[in-house]
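# What the coordinates show
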Amino acid sequence: MADAVSIFMSIGFSEQKAKETLKNEALTSTLKKAIEQAQGLLGSASVDKTAGTLLYNMVTRLKDTNRLSFLTEYIITQKITSELQLSAALDFLKSHPQENLDRLEFETACGVGVVVTPEQIEDAVRTLHSLRLLWNRFGLCSSGEARTALKWADGKIVKNEVDMQVLHLLGPKTEADLEKKPKVYFYCPCFVVPHTYPFSAETGKSLMEQLRGEALKFHKPGENYKTEGYVVTPNTMNLLKKHLEETGGQVRTRFPPEPNGILHIGHAKAINFNFGFAKANNGICFLRYDDTNPEKEEEKYFTAIREMVEWLGYKPYAVTHASDNFQLLYDLAVDLIRRGHAYVCHQRGEELKGHNVPPSPWRERPVEESLILFDRMRKGMFAEGEVTLRMKMVMEDGKMDPVAYRIKYTPHHRTGDTWCIYPTYDYTHCLCDSIENITHSLCTKEFQSRRSSYFWLCNALDVYCPVQWEYGRLNLTYTVVSKRKIIKLVETGIVRDWDDPRLFTLTALRRRGFPPQAINNFCARVGVTVAQTTMEPHLLEACVREVLNDTAPRAMAVLEPLKVTITNLPTNAQVNTCIIPDFPANEAKGSHVVPFSKTIFIEKSDFREVMEKGYKRLTPDQPVGLRHAGYVISVQRVIKDGCGNVCELEVTCASSDSVEKPKAFIQWVSNPLQCEVRLYERLFLHKNPEDPAEVPAGFLTDINPYSLTVIESALVDRSVGKSKVFDKFQFERVGYFSVDPDSTSEKLVFNRTVTLKEDPGKI
C-alpha cells in the first residue's frame, strides 16, 4: 500500500487523495498501469502534475482499457494538454470502437497541434457584436460563444478577455445585473425542460420544439455504442450496420404491457413517452404484448389494453406478441446452451428465493447434457417446477443465473397446447426488442437492475443489441394501482370492477369522464425524469378542467330539487322557451332550447328560510335571478311538509330589466328529465394507503366511507336527453359530468368527473 501511495503522490496527488484512490481496486490497478507506461515513455523524468491530473481523469472515464496505452502516449508527449482535448479524445474513441484508428482524423478531432495565441483570442472576442455583448450581459455568458469560435483556446484566458471587454463597454455590474433570474418551464409532449429568462415568444417556441430534456442524451439510431455502459463486441459494428440497412435509420420504440391486468395512470406516462418520442422523431412505435405467462392472461386484457392505447390517441405501427417469436426464442435458447452460456438446473423455486443464493450444483453441467434435458423439457417430460433453464450471468442487483425458461402446463391464449415451456421476462424482453429492431427500449427505473442482463444476452447470442433507457415511474397519492390490490378491492365489494370511477385505471378514468387529451397533458406536465414522480390527484384534475372548459357544453341540473311555482307568470308565457348557449364565453359554438313554465325546480341549497350574513341567494327577503331566463324571482309563500321541511316555494317573477340587479343568479330546470347522479370523492383517507407507517392495518382498512354518493332523483334539462355514453357536460354551478355506461333509454346516469373548482377533499 505504501508503494502505491508513493506512486500516486509522484504524479501530484496529496497523500489523502492517494489513499482515497486506493479504495477503488479497479481504478488503482488501471491508474498504476498508466503511470508505469508514462514513466517508461519519460525515462528518468517524472510525470508533472498537469499530466498526472489528465492521466487520472483519463483512467476514470475510459471505458475501453485497450486504449490506455494509446491515450497515455498522447498525454505524456504533450499532444493532449487540456481537459477539453481529453474530453474530445474520449468522445472520439467512444464513437470509433473499431480497432484500427485513423490517427490524423483522431488528432484533428481533439485539436492536436493547434495553437491559439492571446492576440487571436483578443481579435475573436472583439468581433462579437456589441449588441450581442449587451444581451449576454443580462443572463448569458458570451465567453461561451468565444470558446466556440476558438475551440482549443485556454478557457480562462478567453473568459478574462471577455470580462475585460464587457467591462470596457458597459462598466461595472449593477445590483440589478447580479439578481438571480427566475426559471420558466416549457412543456412539450414528452419532456420538461427548464430555461432562464430573458426570452421571446419565438425563442420559447423554438426551444420547445428543439429541446427534449433527458432525450438530448439519447443516441441516434445506429450509434448505440455512444451510450454509457453499452457493451461493444468485435461484431457490434457489423450488427449495427445491418440494423441500419433494415430500418433506414428510423427511431423505433415499443410499449410492451403484460396482458394480465388493466392499464393505469402510470401506464399513460409510458404510452405517451414511447409513442410520443417515436412521433417526435418521425419514428414508429409497436404495441407488443408480453404474453409469456399463460396462467394470468385473458382476452379481455388484450382488448382493453389496445382500446386504451387508441383512446389516448395513439395508433401502433404494428400489434405484436412475444408469442409470435416462441419458436425463434426456443432456437436461440438452444444456441445459448451450445455457446456454454446456459444450463438446465434442478433447483426448486423456493431454493432460488432471497439473497446470497448458493451457486447451482448443475452450473457446470456438460453442454450436451443440458441440450438433451432442455429438449425433454420441451416435450413435457418433467413436472412443473422440477427443472428450469438458467443463464450464466450475474445481474446488477447481485441475482445470479436468472431463469430463462420454466415449465407451465397451462394452454396459452394464442398458441394453445403447442408449448409447455415459456420464456421469462429477463430472457424474452431484450430478444424481442432485437427481433423488432427497437432503437430505444424505454422502461421504468425498476428495470435498471436488468440492464446488464439485457446487454449480456444480446451479446452472448451475437445479435443486434438495442439500448435500454430507464425513467422514473409516475405515482399518484390517495390510490393503489397494483393489480393484486385492485383485485382485492373488487373481490371485497369495495369497488365494482376495474373501471370503477374511484380507481385510477385508464378504463376507470374514461368512465369517470376524464378526456384523453387531459391525461396526455398531465403526462406532459409531469415530464420524464430519472427520479420517481409522485403527484397529487388535484394536478390531474386541473388538466381535466382545462380541457372540459373548452369542450363540454353547458346544461342545467339540480341534484336536490326544490319545487318552485311562479304565481304571476304572464299568460303568454305559461309554456315558454329559453335559448341557452352551449358555451357562454363563445356563443358562436352553438346553443340549445329548454322549456320555461310556471313550475320550475331549483337546488334546495339555493334557498334559506332564515337570512345569514354573506348569503346571496334566495330568501324570503332577498330575490334571486334565474340564469338565462331573464327573470328575477321573489318568495311569496314557503310551503312545508308534515315534518316541517320546506317542500315548495310560491314566488313571483319580474323581468330582470325592470328590477334592481340581484346579488346572484341560480340554475333551474323546467319540465326536466329525472336522472341518477353519482358523486365521487377519494377512495382512501390517507395519502399513502399502502404505507404501514400511515395505515398500519393495511389499505383495506383505509377506505373512505363517503367515496361514493348516489343521487337517484336528480333533475336535468331535456337538452341532454339524446346523449350517448361518455358524452360530457358542464352542469352549470355544479360540476363536470359524463354519461355512464349504466344509462338506459328510460334513465340517464351521470358520473361527476370533477368539480368546477379545485376541492382538496375530492379526487
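This text follows the structure it describes.
Residues numbered from 1 in each chain as written. Predicted model: local features only at pLDDT ≥ 70, side-chain atom pairs only at ≥ 80, totals over all residues. Heavy atoms only, no water.

### So, the overall build of the protein
Secondary structure assignment for the protein yields 24 helices and 28 strands. Taken across its 763 residues, the protein has 49% of its residues classed as buried. Counting only contacts in the protein whose residues sit at least 6 apart along the sequence, the fraction spanning at least 24 positions is 68%. Within the structure as shown, the protein displays about 37,300 Å² of accessible surface, and the carbon and sulfur contribution to it stands at 51%. (Helix = DSSP H or I, 4+ residues; strand = E, 2+ residues; numbered from the N terminus. Buried < 20%, exposed > 50% of the residue type's maximum accessible area, 1.4 Å probe, protein only. Contact = heavy atoms within 4.5 Å. Areas by Shrake-Rupley, 256 points an atom, 1.4 Å probe, with all protein chains shown as cover.)

### Observations regarding the layout of surface pockets
Considered as a void within the structure, the second largest pocket measures approximately 740 Å³ in volume. Sort the elements by how many residues they give to the lining of the second largest pocket and helix 6 (residues 83-95) lands first, with 4 residues. When its residues are assigned to classes, the lining of the second largest pocket shows 10 nonpolar, 5 polar and 8 charged. (1 Å grid on protein atoms, 1.4 Å probe; cavity = no way out; pocket = protein on both sides within 12 Å on 5 of 7 lines; lining within 4 Å. Points joined across faces, edges and corners; volume = space filled by probe spheres on them. Nonpolar A, V, L, I, M, F, W, Y, C, P; charged D, E, K, R; others polar.)

### Observations regarding helix 15 (residues 265-280)
Here helix 15 spans 22 Å end to end across 16 residues, near enough to the 22 Å set by a 1.5 Å rise per residue. Of all the 16 residues making up helix 15, 13 are buried; the element is thus mostly covered by neighbouring parts of the structure. (Expected span 1.5 Å × (residues − 1).)

### Thoughts on the pairing of strand 11 (residues 467-471)
The element strand 11 is extensively covered by neighbouring structure, given that 5 of its 5 residues are classed as buried. Of the two faces of strand 11, the one carrying Val467, Trp469 and Tyr471 and the one carrying Gln468 and Glu470 are both buried. Sheet topology note: the strand 10 (residues 440-444)/strand 11 ladder contains 5 bridges and is parallel. From the neighbouring strand, histidine 440 faces strand 11, where its bridge partner is valine 467. Regarding topology, helix 20 (residues 451-460) serves as the crossover connection from strand 10 to the parallel strand 11, and that connection is right-handed. (Pairing = 2+ DSSP bridges. Right-handed = clockwise from strand over helix to strand, strands pointing away.)

### Let's talk about the packing of helix 17 (residues 326-338) against helix 18 (residues 367-378)
Each pair of packed helices can be summarised by the angle the axes make with each other and by the distance between the axes. Put simply, helix 17 and helix 18 touch, their axes get as near as 9 Å, and they point 160° apart. Between helix 17 and helix 18, the interaxial angle falls into the category roughly antiparallel. Helix 17 and helix 18 meet at a crossing whose hand is right-handed. Contact with helix 17, carried on its side by Tyr330, Ala333, Val334, Ile337 and Arg338, involves Val367, Ser370, Leu371, Phe374, Asp375 and Arg378 of helix 18 and no other residues of that element. Here the residues of the contact of helix 17 with helix 18 sort into 7 nonpolar, 1 polar and 3 charged. (Axes fitted to C-alpha atoms, helices over the stretch in contact; angles between N-to-C directions. Parallel < 35°, antiparallel > 145°, perpendicular 65-115°, else oblique. Left-handed = near helix turned anticlockwise from the far one by under 90°.)

### Some details on the side chain of aspartate 433
You can see aspartate 433 is positioned in helix 19 (residues 425-435). Side-chain polar atoms of aspartate 433 contact the side chain of arginine 254, separated by 3.2 Å. One polar contact links aspartate 433 to tyrosine 454, side chain to side chain, over a distance of 2.8 Å. With sequence-adjacent residues up to four places away left out, aspartate 433 is seen in contact with Arg254, Arg288, Ile438, Ser441, Tyr454 and Pro466. (Polar contact = N/O pair within 3.5 Å; in protein donor to acceptor, adjacent residues only side chain to side chain.)

Interpretation in functional terms is not warranted from these geometric data alone.
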